[in-house]
Amino acid sequence: MLIVDDEQFEREGVKFLIDKYGLQLEIHEADSGESALAFMKQNHVDILFTDIRMKGMDGLQLAAAVRELAIPVKVIFMSAYGDFEYAQKAIDVNAIRYILKPVQVNEFLKVISQVIHMCEKEKQEEERQKQLEEAYGQGIIRHEKQRLVSQLIHGENNDQHESFEVHAPIPMFNGSKPLRMVILDSRSRVFDLSDLDLESMISECVQRQHEGFNLNEYQSMLFMEVMEGDTTADIEAIGNRIIQQFKEKYATDLFAAFSGPIDNIGSLRAVYNEIESMLESKFFYDKGAVLIAESAWLDGHSSDSVEEKMSEIARDVERKDFQSARMQFEKLHELLKAGKQISSIYLKYSCMEILKMMFDYAPKKNTEQFKKNLEQIYKSNKLSELCMLMISTLESCETTDGQTADSNNRKVTDSILRTIHMEYKRDLSVEELAESVYLSPNYLSHLFKKQVGVSIIKYITSTRMKKAKELLAETNKKVADISEETGYSNMAYFCSLFKSHFGMTPTQYREELGI
């Protein structure tokens, strides 16, 4: 606060009150309007406390000069003259308060406290605005990273890798050290939550340089520094920490899929496709898991996991989901070929039990063939013989009532597509869709991608984005309403996703259309 009065006695009186009542103010003094104005041109002042009647430039002229210079300051006048003329002039120069002499202590404290409070609120608002602007700027940078990396992993601009390395705003892509791509894949929709503090959570778990952003509601991508001497155990530890954090904070199962070291940005597309293929194996897991490219998803499994796979195959047979059972048996075959130890007696016994279930559920029972298959299982000397027999038997069960499995698969896919197009507005989960067609979620995911070419989640997102584009072009609905109508309660996330798909925000899209 700058106290301006040509009487030192008056200035001392104001300072005495401020000190006595502990007001949190840094005090400066001036004995004339001219010296006060000169001081304010060189120094920041929040509150100008000035007498009106002074020799030379008086308080009203000082306040008018301050306003003309656009100096943001709260003006409080003090004067022994209480007539209307002075009060009116005080209003004209936007004075905050007008205090009459002799000063009443209660009135003085009330006025000064109110003005201090106003200053504090303004500073808080300025700080909040600054934080918002910084966050907005960071959001633009984050979106640019996402857009550029998205172009690479989806095969765009493959002939421009060199220029991308030079100009991309991703410091980690500078060629100085190899990186590891990580995809975090959730079974529930979490990555569009407005309160998801992904950055701090990942930093706590990774404990090394990294950069990341969300791909969609169910997936997030991370690029992580490769440390010298990294082992599979180190990577698994990071993945397990991330999985545990998501389980504790969001009650969701998460899969953390890690690539091998990447030293060429041009290989991002191939690496991304490899990880997507790895993630197809997630339907073998009841809970989240760490998947590592160097050792493949088979690494780290004990004989217990073989028993779990046999149990899953038995459950698929019980549900008459023979395609899923066959696919799981093929994966089990690979697991066993990789050297996982299990008793051959236990394996043959489990296969016999599955064969019995298949016989029990068969609409037409061939007793002679059943006995022959049992004998072949018992006499098999090689893993390949046993697995080929089981896979062949499961394949024979895939045809039902004379209809081919491929025809049934198309019917299933068509049903899911109809559901998505009719109900894209609500939160459709793979689990719910699978239940509607009596398949396991994991098998439906595999089947849908095989038939349509993209995952269910990607197709839902694409459908929503197309509908959003249509609503923006054909209606005058607000962007927030369109966001809700297409299944996104978080409008900021909706706008970011729209820009990732079409290269512009919803508002920019309307402007381009001239709406």
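Bear in mind that the values here come from a model prediction, so they are computed numbers and not experimental data.

Side note on the sheet that holds strand E2 (residues 28-30)
Okay, so step 1: Pairing is parallel across the open sheet formed by five strands, whose spatial order is E2-E1-E3-E4-E5. What marks the edges here is a single partner per strand, and that holds for E2 and strand E5 (97-100). Neighbour-to-neighbour, the strand axes of this sheet turn through a mean angle of 20 degrees, independent of strand direction.
Okay, so step 2: Relative to strand E1 (residues 2-4), helix H1 (residues 8-20) is tilted by about 145 degrees, and along the sheet it contacts E1, E2, strand E3 (47-51) and strand E4 (74-79).

A closer look at the sheet that holds strand E8 (residues 219-225)
Note: strands within a sheet are paired through backbone hydrogen bonds, in either parallel or antiparallel orientation.
Okay, so step 1: With mixed pairing, the five strands of this open sheet are ordered in space as E7-E8-E6-E9-E10. Both edges of this open sheet fall to strand E7 (210-214) and strand E10 (290-292), since each of them pairs with a single strand only. On average, each strand axis in the sheet is tilted by 15 degrees relative to the strand beside it, whichever way the strands run.
Okay, so step 2: As judged from the seven bridges shared by strand E6 (residues 179-186) and strand E9 (residues 254-262), these two strands associate in the antiparallel manner.

Details of the nonpolar core
Okay, so step 1: Formed by 26 residues in total, the largest nonpolar core has its most connected members in Met310, Phe329, Leu332, Cys351, Ile354 and Met358.
Okay, so step 2: Counting residues per element, the ones that place at least two in this core are helix H10 (303-318), helix H11 (322-337), helix H12 (344-361), helix H13 (367-379) and helix H14 (383-396).
Okay, so step 3: Apart from the residues within four sequence positions on either side, Met310 is in contact with Phe329, Leu332, Tyr346, Leu347, Ser350, Cys351 and Ile354.
Okay, so step 4: Ranked by size, the runner-up nonpolar core spans 22 residues in total, among them Val190, Ile202, Ile235 and Leu254.

Quick notes on the pairing of E3
Okay, so step 1: For E3, the buried fraction is high: five of the five residues fall into the buried class.
Okay, so step 2: A two-sided burial pattern is seen for E3, the buried positions comprising Ile47, Phe49 and Asp51 on one face and Leu48 and Thr50 on the other.
Okay, so step 3: Of the pairings in the sheet, the one linking E3 to E4 comprises five bridges and is parallel in character. Across the sheet, Phe49 pairs through a bridge with Ile76, a residue of E4.

Here we look at unusual backbone geometry
Okay, so step 1: One non-glycine residue, Ala70, adopts positive backbone phi at about 60 degrees.
Okay, so step 2: Within the secondary structure, Ala70 sits in the loop between helix H3 (59-68) and E4.
Okay, so step 3: The backbone of Ala251 sits at a positive phi, close to 50 degrees, despite the residue not being glycine.
Okay, so step 4: For Ala251, the position within the fold is in the loop between helix H8 (232-250) and E9.

Some words on the packing of aromatic side chains
We describe a pair of aromatic rings using the distance from one ring centre to the other and the angle between the two ring planes.
Okay, so step 1: Inspection of the entire model under this criterion finds 10 aromatic pairs.
Okay, so step 2: When the centroid spacing of 5.6 Å and the interplanar angle of 50 degrees are considered together, the rings of Phe191 and Phe246 count as tilted. On the criterion of sequence distance, the pair formed by Phe191 in the loop between E6 and helix H7 (198-206) and Phe246 in helix H8 is long-range, its members being 55 residues apart.
Okay, so step 3: Residue class for Phe246 comes out buried when judged on its relative accessible area of 0%.
Okay, so step 4: Plain terms: the ring middles of Phe359 and Phe370 are 4.5 Å apart, the flat faces sit at 25 degrees to each other, and that makes the pair stacked. Linking Phe359 in helix H12 with Phe370 in helix H13, this pair joins segments that are 11 residues apart in sequence. Here the two residues Phe359 and Phe370 agree in accessibility, since each one is buried.
Okay, so step 5: The rings of Tyr488, Tyr493, Phe494, Phe498, Phe502 and Tyr509 are connected pair by pair, giving a single aromatic cluster.

Quick notes on the pairing of E4
Okay, so step 1: Extensive coverage of E4 is indicated by the burial of six of its six residues.
Okay, so step 2: Taking every second residue as pointing to the same face, both faces of E4 are buried, with Lys74, Ile76 and Met78 on one and Val75, Phe77 and Ser79 on the other.
Okay, so step 3: Once you follow E3 into H3 and on to E4, the crossover reads as right-handed.
Okay, so step 4: When E4 meets E5, the two strands line up parallel, connected through four bridges. Within E5, the residue paired with Ser79 across the bridge is Leu100.

Concerning the confidence of the model for the chain
Okay, so step 1: For the chain, per-residue confidence averages 80 on the pLDDT scale, and 81% of positions sit at 70 or higher.
Okay, so step 2: Contacts for the low-pLDDT stretch residues 156-171, under 50 throughout, to residues beyond four places or in other chains number 23 contacts.
Okay, so step 3: Low confidence marks residues 295-303, where pLDDT is under 50. Its contacts with residues over four positions away, or in another chain, come to 17 contacts.

About the cut-offs
- Residues numbered from 1 in each chain as written.
- Predicted model: local features only at pLDDT ≥ 70, side-chain atom pairs only at ≥ 80, totals over all residues.
- Heavy atoms only, no water.
- Pairing = 2+ DSSP bridges.
- Helix = DSSP H or I, 4+ residues; strand = E, 2+ residues; numbered from the N terminus.
- Axes fitted to C-alpha atoms, helices over the stretch in contact; angles between N-to-C directions.
- Contact = heavy atoms within 4.5 Å.
- Core = buried A, V, L, I, M, F, W, Y, C linked by side-chain atoms within 4.5 Å.
- Buried < 20%, exposed > 50% of the residue type's maximum accessible area, 1.4 Å probe, protein only.
- Phe/Tyr/Trp six-rings, centres within 6.5 Å; stacked < 30°, edge-to-face > 60°.
- Right-handed = clockwise from strand over helix to strand, strands pointing away.
- pLDDT = per-residue confidence, 0-100.

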